[in-house]
Amino acid sequence: MIERIWSGKSWCYILLLPFSWLYGAIAILRRIAYQKGWLSSWKSPVPVVVVGNLTAGGNGKTPVVIWLVEQLIQQGFKAGVVSRGYGGKSDHYPLLLSSETTPAMAGDEPVLIYHRTGVPVAVAPVRRDAIKALLAQHKLDVIITDDGLQHYALQRDYEIVVIDGQRRFGNGWWLPAGPMRERAERLNTVDAIIVNGGLNQSNEIGMVLEGDLAINLKTGEKKPINQLNKAVAMAGIGHPPRFFNSLNDKGVELIATKAFSDHSDYRAQELQQLTPHNEPLIMTEKDAVKCQHFAQDNWWYLPVSAVLNNQTVLKQVINLIYSSKKTCV
């Protein structure tokens, strides 16, 4: 129902407009307060790159974070990642991730980023605390924040907004009548706009998510995804249909799909019931980090990587790092 409202296919959004006006007024006043200095913000001693979005729901920002980190590593730079750790509940903050950190402690996305990249990752509701914890133990050239575009208590040196190329901004209204955290005019002030799928405009960078090798959660076996025919697919991400459609496009015959809410906590029994005849169960990598410890032999996940149609963002971030080093000399 919420997808129909946010996409503009239902008039029910009108009933929610008073709440949206309130949300929008608070968002605008809050941003102005930070711009005017009425609310204080913190400046990191190393450059901060924010990867965020204007809308609620999955847009592909985490693959962009992973892509940027991996590209910087290849260029010889040391990057760290901070996140709010949505969905995780730790008994202390800031929390520096280790191989023993679970999604229940840190959230699924930070754990995914940590295992994919191997770089230092810290989570805290106050991202300043996460950055300080990283810098206390690691010499880093740059900090990447997974989400946090609206976290104005942290000053940033470079802003990247990721847009879902299919859904764009829906009906354009603030939450809860629409998907917007901030209005589209905010794009005029960011450094880069990356569009995940669909058609990108002239001032936007196109991106696709690529991945054709499925990995078995229990054994680590790798297999071309199109060999997992007559499979069941599940996803607990911001926009599950994107994942299901991508599997269809890759030649996977899906006999059933199951969409869970974003950041869902899974139980072994509820997932086992999805495949009563032991069919292959395909999930996203984000889901897999939460299912690893009770995985079954027929469970597979599909890791994907972001591929951008130009290297503008990487070049600008590298220039930012070099400029920062010159300033410190």
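To start, this report covers the structure provided alongside it. Just so we're clear, the structure is a prediction, and the values are computed from it rather than from any experiment.

Topic: the nonpolar core
When a protein is soluble and globular, its nonpolar side chains tend to lie buried together.
Here is step 1: In terms of nonpolar packing, the biggest core is built from 39 residues, with Val49, Leu68, Leu72, Ile144, Ile160 and Val313 touching the most fellow members.
Here is step 2: For this core, the element with the most residues is helix H3 (residues 61–74), which contributes 7 residues.
Here is step 3: Leu54, Trp174, Leu187 and Ile193 belong to the second largest nonpolar core, which has 24 residues in total.

Quick look at unusual backbone geometry
Here is step 1: With omega at 0°, the peptide bond leading from tyrosine 93 into proline 94 counts as cis.
Here is step 2: That bond from leucine 175 to proline 176 is cis: its omega, 0°, falls within 30 degrees of zero.
Here is step 3: Residues other than glycine seldom take positive phi values, yet lysine 230 does so here, at roughly 50°.
Here is step 4: Turning to its location among the elements, lysine 230 is positioned in the loop between strand S10 (222–224) and strand S11 (231–235).

Here we look at the pattern of salt bridges
Here is step 1: Counted according to the given criterion, the structure contains 19 salt bridges.
Here is step 2: One salt bridge in this structure joins glutamate 285 and arginine 116, with 2.6 Å as the shortest N-O distance. Taken together, the positions of glutamate 285 in helix H9 (residues 285–291) and arginine 116 in helix H5 (residues 108–117) put the pair 169 residues apart, joining distant regions of the chain.
Here is step 3: According to the relative accessible area criterion, glutamate 285 is buried, its value standing at 12%.
Here is step 4: Exposure remark for arginine 116: the relative accessible area of 22% places this residue in the partly exposed category.
Here is step 5: As a salt-bridge pair, aspartate 164 and arginine 242 come within 2.4 Å of each other at their nearest N and O atoms. Of this pair, aspartate 164 sits in strand S6 (residues 158–164) while arginine 242 sits in helix H7 (residues 240–249), and the two are 78 residues apart along the sequence.
Here is step 6: Looking at aspartate 164, the relative accessible area reads 2%, which means it is buried.

Procedures and definitions
Residues numbered from 1 in each chain as written. Predicted model: local features only at pLDDT ≥ 70, side-chain atom pairs only at ≥ 80, totals over all residues. Heavy atoms only, no water. Core = buried A, V, L, I, M, F, W, Y, C linked by side-chain atoms within 4.5 Å. Buried < 20%, exposed > 50% of the residue type's maximum accessible area, 1.4 Å probe, protein only. Helix = DSSP H or I, 4+ residues; strand = E, 2+ residues; numbered from the N terminus. Salt bridge = Lys/Arg side-chain N within 4 Å of Asp/Glu carboxyl O.

Structural measurements only, silent on function.
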